[in-house]
Amino acid sequence: MKRRRLRGLLSAVLCGALLTAVLPLSTLAAETVENQRADDAWDEYVNNQALVFYTDGTFEVISYDSADALKDGVTALLARDDVSSVQSNFTYQSDGSTETDPMYSEQWALSNDGSFQMASGQNRYPVYDSPFGQPSAPMQWQQPGGRAARKNTARAASVSAVSGIDINTEEAWDRYDGGDRSVIVALIDTGVDTTHEDLQGILWTNPNEIAGNGLDDDGDGYVDDVNGWNFFSDSNTIYTGTSEDDHGTHCAGTIAARSDNGVGITGILGQTDNVQIMVLKALGGSDGSGSTASIVQAIRYAEEHGASIVNLSLGTSTFDYALYSAMKNSDMLFVVAAGNDGADSSQSPSYPADYDLPNIISVANLSSNGTLEDSSNYGADTVDLAAPGTYILSTTASSSYGYMTGTSMAAPMVTAAAAMLYTYDDSLSLPQVKEILLNSAAPLSSLAGKVVTGGMLDLGTALSWDTSELTAGDDWEQEDGGTAPVLSDTVEGNYLTLTVSDAENDVAVVCYARGELTAEDFASGENGTQVSLTDDAVRFRIAKGGTYTFYAIDLAGNESVLTVTVEAQTDREQTSSDQSPTGGYADPPTGRQQMPMPGFVFHQPDWMFGF
C-alpha cells in the first residue's frame, strides 16, 4: 500500500480541475460503513486509490494493491475519529477531451463526432497528395485532381465526416490496461524518424547488440543493428534525415505515437510499453521503391528477432514467388495495404495483399463519411476489411506532422488493433487475433460486396469479443500440398510449345535455362528466365539448337523440370507462317538473343510504396 500525505484546503485544485462538490464534513462523517461498502460505491474508486480527508484539514491519497485491500482499508478509515470522509481520487481531463495531445481532435479515425472536415484553406498541417511528393503547406492545400478525382469528376471538394465512422478506440482504451504480453511489430517500409518527439520510447532496440562498437555482437550477420536494419542500402542507418522516410514515420505514429505527452498526436497504442515497433527499412529513394531481396531479408530478420506482427504498406502488380514463399513459411501475421488503383483486386491483383495465404489481412481505405475511398482497391473475396485511411494525421520526418491518404494509412490501424489484442489477452494465438478482427468488423452498407467482412475495423468490439466462440487454432492452417505441375513439349518446325498443367491450377512461376539442370538449380524460380503462360502454354521460336531445361513451381512449393534437346533448322527459309504468333506468347530468343546460361537471374519487380 502506497501513502502520500498532502496539506491544503478542501477547495484545492487537483490535476488542473476543481474537485466536484464535497458534502459537509459532518454529513460525510455520519455516513454508515454499510453505505460506503455498497457495490456501486466501490466501483467509483479509480485505480484502487482512496482520497482521505482528516478532521485537522489535511488530506492524503492512499493506493491499495487490490480491490479487496481497498474495501478493507476504507472500512477501517471510516471507523477512525480523525477521518472526516473518504472518496475516490477521480481523474480529470481538460476541455472535456479524453486525451491531452493537442492534435487528437483532428484524428477522426480514432473518435469521429462528425465535425472533421478536410477542406481547402482550413488545414493546419501539410497535406501530402503523394507521400513522396512535396506536401502543400498549411492553408494552401487544394483538393487533388489525381487519378481518383478524374474517375469521379463530381466528387466534392471536401468530404463531410459522419459521426461514429471511427475504429471505436475510446471504448477499447476503457478496457485496455497496457496488456499482459510484450509484442514486437515489424514495420517493413521506409525508415522512421528516430528523433521524433512523439515516437520516443516506442521503437524496438536489439537487446543483444552493443551500439557503436563496430561488431556483430549477437552473431546475426548485422553489425551494430541496435535499432533494426536498413535493407535498402545495407546499413544500420534506419533514418536518412530526409523526407524519404516520411511514409514509414507516418505509419509508426498511427500505430504507437505517445499519448498523453502533451505534444502531437495520439497513437492507438501510445499508452503502453508492451508494444515496440521494429524499424526495417526496405524502401527508399525519391519514389519509395525497393526490391524483392530487401523485403524478404527484412521478413527473415523480423522473425529471427522476435516480431509477431508485420505491417506491409507496399505492393506491386507482379506475382513474386520469393516473397510469397517467405510469407507462407512465416508464423507471423502480415497486415497488408490493399492498393490504390481503385480496382477490384480479384480482377487486377495487387501483391502481396492478394496472396491467398491464411496469415494475411488485406485492408481497404475508408473515408470519414463511411464510404470506400475512390482510390482504394476492393474485393468481395480478396480484401478482408476496411479501416480509416483518408486524410490521416500522423507523424512525419524531421519531427513534423502531416495528412496522408491511402491504404498505406489504413493498414497501420489494423496492425495496431492486432497488436493491442495480442498483448491484451496472452492466451490468444495470432490466427485467433485475425479471426476476432474480421468477425468483429462493424458492418457498413457501403462496404457490402466490397470487402470480405462487409465492414470496418471496430477495436472496441474486438477487445470485448467472446473468446469462447473462437474456432481458429494456435497455428496457421495451410492447404494440402497437392500435386506438382506437369510439363510437356511439342515441336513443330522451328517452334517449341511448352504446356504446363496443374491439378490445383496454382502454378506460380515458369522459367527456363540452357543445359541439363535440376530443380535445385532454379532456386525456387529465382534463377532462369521467367515466362508467362496463356491458356497454360508458351511458344518459342528455336533460334539455336541445344539442350534446355524448363522449370515450374506451384504455390504449394511443388516443383517440376523438363529437359529437352532441339535442333535448329537454320538452312530453311523462313516464311510468313513461321512468324511467332502474337498475344500472350513469350517473345522467343533470336540468333543474337540466346537462352541464358544457368545462374542468370530474372528481373525482379520493384516494390513501390505508392499506397
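Residues numbered from 1 in each chain as written. Predicted model: local features only at pLDDT ≥ 70, side-chain atom pairs only at ≥ 80, totals over all residues. Heavy atoms only, no water.

Some details on the confidence of the model for the chain
When the pLDDT values of the chain are averaged, the result is 83; 81% of them are 70 or greater. Within the model, pLDDT remains below 50 along residues 1-37, and this stretch shows 63 contacts once partners closer than five positions in the same chain are excluded. (pLDDT = per-residue confidence, 0-100. Contact = heavy atoms within 4.5 Å.)

Observations regarding the side chain of His 247
One can find His 247 in helix α7 (residues 246-256). Owing to a relative accessible area of 1%, His 247 belongs among the buried residues under this scheme. (Helix = DSSP H or I, 4+ residues; strand = E, 2+ residues; numbered from the N terminus. Buried < 20%, exposed > 50% of the residue type's maximum accessible area, 1.4 Å probe, protein only.)

Let's talk about the layout of surface pockets
The calculated volume of the largest pocket comes to roughly 790 Å³. Along the wall of the largest pocket there are 34 residues; nearest its centre are Phe 319, Tyr 351, Asp 354, Val 507 and Leu 555. At the level of elements, β13 (360-366), β20 (495-501), β21 (507-514) and β22 (529-531) are the ones that each hand at least two residues to the lining of the largest pocket. Ranked by residues supplied to the lining of the largest pocket, first place goes to β21 with four residues. Taken together, the residues that form the lining of the largest pocket break down as 17 nonpolar, nine polar and eight charged. (1 Å grid on protein atoms, 1.4 Å probe; cavity = no way out; pocket = protein on both sides within 12 Å on 5 of 7 lines; lining within 4 Å. Points joined across faces, edges and corners; volume = space filled by probe spheres on them. Nonpolar A, V, L, I, M, F, W, Y, C, P; charged D, E, K, R; others polar.)

Here we look at the sheet that holds strand β24 (residues 546-554)
With antiparallel pairing, four strands are arranged side by side in an open sheet as β22-β21-β24-β25. Sheet topology places β22 and β25 (559-566) at the edges, where each strand pairs with a single neighbour. Taking the axes of each pair of neighbouring strands and ignoring which way they run, one obtains an average angle of 25 degrees across the sheet. With seven bridges joining them, β21 and β24 adopt antiparallel strand pairing. Following the sheet pairing, Ala 513 is matched in β24 by Thr 549. (Pairing = 2+ DSSP bridges. Axes fitted to C-alpha atoms, helices over the stretch in contact; angles between N-to-C directions.)

Some words on the pairing of strand β12 (residues 333-337)
In terms of burial, β12 is a largely internal element, five of the five residues being buried. Across the two faces of β12 the burial is the same, with Leu 333, Val 335 and Ala 337 and Phe 334 and Val 336 all buried. Inspection of the sheet shows strand β11 (residues 309-312) paired to β12 by four bridges, in the parallel sense. Across the sheet, the residue bridging to Leu 312 is Val 336, located in β12. Regarding the hand of the β-α-β motif, the stretch spanning β11, helix α9 (residues 321-328) and β12 is right-handed. Bridge count for β12 against β13 is four bridges, and the pairing is parallel. (Right-handed = clockwise from strand over helix to strand, strands pointing away.)

A word on the packing of aromatic side chains
A full pass over the atoms with the stated rule returns 21 aromatic pairs. An angle of 70 degrees between the planes, with centres 5.8 Å apart, marks the rings of Phe 231 and Tyr 301 as edge-to-face. Here Phe 231 is found in the loop between β8 (228-230) and α7, whereas its partner Tyr 301 is found in helix α8 (residues 292-304), with 70 residues between them in sequence. For Phe 231, a relative accessible area of 7% translates into the label buried. What links up through ring pairs into an aromatic cluster is the set Trp 204, Tyr 222, Trp 229, Phe 231 and Tyr 301. When the ring centre of Tyr 378 is taken as reference, the NZ or CZ atom of Lys 450 above it lies at 4.2 Å. (Phe/Tyr/Trp six-rings, centres within 6.5 Å; stacked < 30°, edge-to-face > 60°. Lys NZ or Arg CZ within 6 Å of the ring centre and 35° of its normal.)

Quick look at the pattern of salt bridges
A side chain with one charge can pair with a side chain of the opposite charge if their charged atoms come near. One pass over the structure, following the stated rule, counts four salt bridges. For Arg 80, the salt bridge identified is with Asp 82, shortest N-O distance 2.9 Å. Judged by its relative accessible area of 32%, Asp 82 falls in the partly exposed class. Notably, a salt bridge pairs Asp 245 with Lys 281, separated by 2.8 Å at the nearest N-O pair. With Asp 245 in the loop between β8 and α7 and Lys 281 in strand β9 (residues 275-281), this pair connects stretches of sequence that are 36 residues apart. The class of Lys 281 is buried, set by a relative accessible area of 1%. The structure contains a network of salt bridges with shared partners spanning Glu 244, Asp 245 and Lys 281. (Salt bridge = Lys/Arg side-chain N within 4 Å of Asp/Glu carboxyl O.)

Structural notes on α7
Taken across its eleven residues, α7 has eleven buried, putting it largely inside the fold. Residues of α7 that are buried include every one of Asp 246, His 247, Gly 248, Thr 249, His 250, Cys 251, Ala 252, Gly 253, Thr 254, Ile 255 and Ala 256, and no others. The inward-facing, buried residues of α7 abut β7 (183-189), β9, β15 (392-396), β16 (400-404) and α10 (407-424).

Some thoughts on the nonpolar core
In terms of nonpolar packing, the biggest core is built from 84 residues, with Leu 269, Ile 277, Ile 309, Val 414, Met 420, Leu 437 and Leu 457 touching the most fellow members. No other element matches α10, which puts twelve residues into this core. Grouped together as the second largest cluster of nonpolar side chains are 44 residues, Ala 186, Leu 283, Leu 357 and Ile 553 included. (Core = buried A, V, L, I, M, F, W, Y, C linked by side-chain atoms within 4.5 Å.)

Overview of a negative patch on the surface
A grouping of Glu 303, Glu 304, Asp 331, Asp 474 and Asp 475 is seen on the molecular surface, where their side chains present a negatively charged patch. By secondary structure assignment, the location of Asp 474 is in the loop between α12 (459-463) and β19 (486-492). (Patch = residues over 30% accessible without salt bridge, like charges linked within 9 Å, V, L, I, M, F, W, Y side chains within 5 Å. Areas by Shrake-Rupley, 256 points an atom, 1.4 Å probe, with all protein chains shown as cover. Lys, Arg positive; Asp, Glu negative; His and termini not counted. Charge placed at Lys NZ, Arg CZ, Asp CG, Glu CD.)

Some remarks on empty space enclosed by the protein
Counted under the stated rule, the structure contains three cavities of 30 Å³ or more. Looking at the second largest cavity, its volume works out to about 80 Å³. As for the second largest cavity, its lining consists of Glu 106, Gln 107, Trp 108, Ala 109, Leu 110, Thr 254, Thr 266, Ile 268, Tyr 391, Ile 392, Leu 393 and Met 413.

Focus on the sheet that holds β19
Strand order in the open sheet formed by three strands is β19-β20-β23, and the pairing between neighbours is antiparallel. Edge positions in the sheet fall to β19 and β23 (537-541), since each has one partner strand and no second. Pairwise comparison of adjacent strand axes, ignoring direction, gives a mean angle of 20 degrees for this sheet. In this structure, β20 lies alongside β23, joined through five bridges in antiparallel fashion. The residue of β23 that forms the bridge with Thr 497 is Arg 539.

A word on the packing of α8 against α9
When two helices pack together, you describe them by how their axes are tilted relative to each other and by the distance separating the axes. At a minimum axis distance of 9 Å, the contact between α8 and α9 shows a crossing angle of 5 degrees. Relative to α9, the element α8 is oriented roughly parallel. Contacts from Thr 292, Ile 295, Val 296 and Ile 299 in α8 reach Ala 322, Leu 323, Ala 326 and Met 327 in α9. Class assignment of the residues belonging to the contact of α8 with α9 gives a composition of seven nonpolar, one polar and no charged. (Parallel < 35°, antiparallel > 145°, perpendicular 65-115°, else oblique.)

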